[in-house]
Amino acid sequence: MPLKVIGAGLGRTGTMSLKLALEQLGFGPTYHMMEVFQNPAAFGWWAETADGVGPGWETIFKGYPSTVDWPSATFYRQLADDYPEAKVILTERPADAWFASTQATIFQEREAPTPPVFRDMLSKVVHRMFDGRMHDRDHVISVFERHNAEVRRVIAPDRLLVYEVAEGWAPLCDFLNVPVPETAMPHVNSTDDFRARVSAPVGP
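What counts and what doesn't
Residues numbered from 1 in each chain as written. Predicted model: local features only at pLDDT ≥ 70, side-chain atom pairs only at ≥ 80, totals over all residues. Heavy atoms only, no water. Helix = DSSP H or I, 4+ residues; strand = E, 2+ residues; numbered from the N terminus. Rg over C-alpha atoms; globule rule 2.2 N^0.38 Å. Buried < 20%, exposed > 50% of the residue type's maximum accessible area, 1.4 Å probe, protein only. Salt bridge = Lys/Arg side-chain N within 4 Å of Asp/Glu carboxyl O. Axes fitted to C-alpha atoms, helices over the stretch in contact; angles between N-to-C directions. Left-handed = near helix turned anticlockwise from the far one by under 90°. Contact = heavy atoms within 4.5 Å. Nonpolar A, V, L, I, M, F, W, Y, C, P; charged D, E, K, R; others polar. Lys, Arg positive; Asp, Glu negative; His and termini not counted. Polar contact = N/O pair within 3.5 Å; in protein donor to acceptor, adjacent residues only side chain to side chain. Parallel < 35°, antiparallel > 145°, perpendicular 65-115°, else oblique. Pairing = 2+ DSSP bridges.

Draft legend 1. Spatial organisation of the overall build of the protein chain. Helix and strand counts for the protein chain stand at 10 helices and five strands. Since a compact globule built from 204 residues should have a radius of gyration of about 17 Å, the 16 Å found for the protein chain is in line with a globular shape. C-alpha atoms of the protein chain, sized along the principal axes, occupy 45 × 35 × 30 Å. A total of 204 residues make up the protein chain; the buried ones form 51% of that total.

Draft legend 2. Region of interest: the pattern of salt bridges. Tallying each qualifying case throughout the model produces 11 salt bridges. For the salt bridge of Asp51 with Lys124, the shortest nitrogen-to-oxygen distance reads 2.6 Å. Here the residue Asp51 occupies a position in the loop between helix H3 (41-50) and helix H4 (57-60), and Lys124 occupies one in helix H7 (residues 116-125), the gap between them amounting to 73 residues. Judged by relative accessible area, Asp51 falls into the partly exposed class, the value being 41%.

Draft legend 3. Representation of the packing of helix H6 (residues 95-104) against helix H8 (residues 137-154) in the model. Look at H6 against H8: their axes get within 10 Å of each other, and the N-to-C directions meet at 120°. You can see that H6 and H8 cross each other, and the crossing is right-handed. Taken together, the residues of H8 that come into contact with H6 (itself represented by Ala95, Asp96, Trp98 and Phe99) are Arg137, Val140, Ile141, Phe144 and Glu145. Along the lines of polarity and charge, the residues of the contact of H6 with H8 split into six nonpolar, no polar and three charged.

Draft legend 4. View of the side chain of Asp69. Looking at where Asp69 falls in the secondary structure, it is placed in the loop between strand E3 (66-67) and helix H5 (76-82). One buried charge, Asp69, has no salt-bridge partner; the nearest side chain with opposite charge is Arg12, at 7.4 Å. A distance of 2.7 Å separates the side chain of Asp69 from the side chain of Thr15, its partner in a polar contact. In this structure Asp69 touches Gly9, Gly11, Arg12, Thr15, His32 and Met33, once residues within four positions along its chain are discounted.

Draft legend 5. Focus on the packing of helix H1 (residues 15-24) against helix H9 (residues 169-176). Running from N to C, H1 and H9 point in directions that differ by 50°, and their axes come no closer than 12 Å. Accordingly, the angle class assigned to the pair H1 and H9 is oblique. Here H1 and H9 pass one another in a crossing that is right-handed. Facing H1, whose interface residues are Leu18, Ala21, Leu22 and Gln24, H9 presents Trp169, Leu172 and Leu176. Of the residues that constitute the contact of H1 with H9, the class distribution is six nonpolar, one polar and no charged.

Draft legend 6. Structural detail: the pairing of strand E4 (residues 87-91). For E4, the buried fraction is high: four of the five residues fall into the buried class. With three bridges connecting them, strand E1 (residues 5-7) and E4 associate as parallel partners. Residue pairing across strands places Ile6 opposite Val88, the latter belonging to E4. Bridging between E4 and strand E5 (residues 160-163) involves four bridges; their strand directions are parallel. Residue Thr91 lies in a different strand from E5, and its bridge partner there is Tyr163.

Draft legend 7. A look at the sheet that holds E5. Strand order in the open sheet made by the five strands is E2-E3-E1-E4-E5, with parallel pairing throughout. Each edge of the open sheet carries a strand with a single partner, namely strand E2 (30-31) and E5. Of the strands in this sheet, E1, E2, E3, E4 and E5 touch H1, which is tilted by about 145° from E4.

Any functional reading would require information that these geometric values do not contain.
Laid out in structure tokens, this is it:
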């Protein structure tokens, strides 16, 4: 199954809300970091992909027509090249708010135990992007802004939607050529939601 939608936005930019929105619009199931947690083999797949020896997109995304969030956002350019018909969505939010959110969630040290394969995947797929300097505000924000600018530069404008989930259904549905649902746009995965979810151990 070829990917139809590729999310280039980094974690904590509304990617979980976008995942649910895409699934409601008929582009699901949508791959997200949550899918990695549900398949322990995926930790190794992504670490190997970061090293250039992964199992291939067909294995990783089997059954998924769309993907958002990390790990795949790190590889958005390769995915866009390998799936030239797919549309690309860059989720954004103000840099200061994004940085604060990362420090309270994904870049915060986990209290629950984590297996080495998870830490290896996270280091290679996420932390490497920031040179391991996850709490250096100016550096982290500069990487975030550079990533977003690079997405704008390398993805053709007619193939790219730059999007904040607060904008609601209209721009997303227009971009994907689907009707606007009557229900409200999903808005999930707040900092409190995230903390509650990751309090549990990762992996077997």
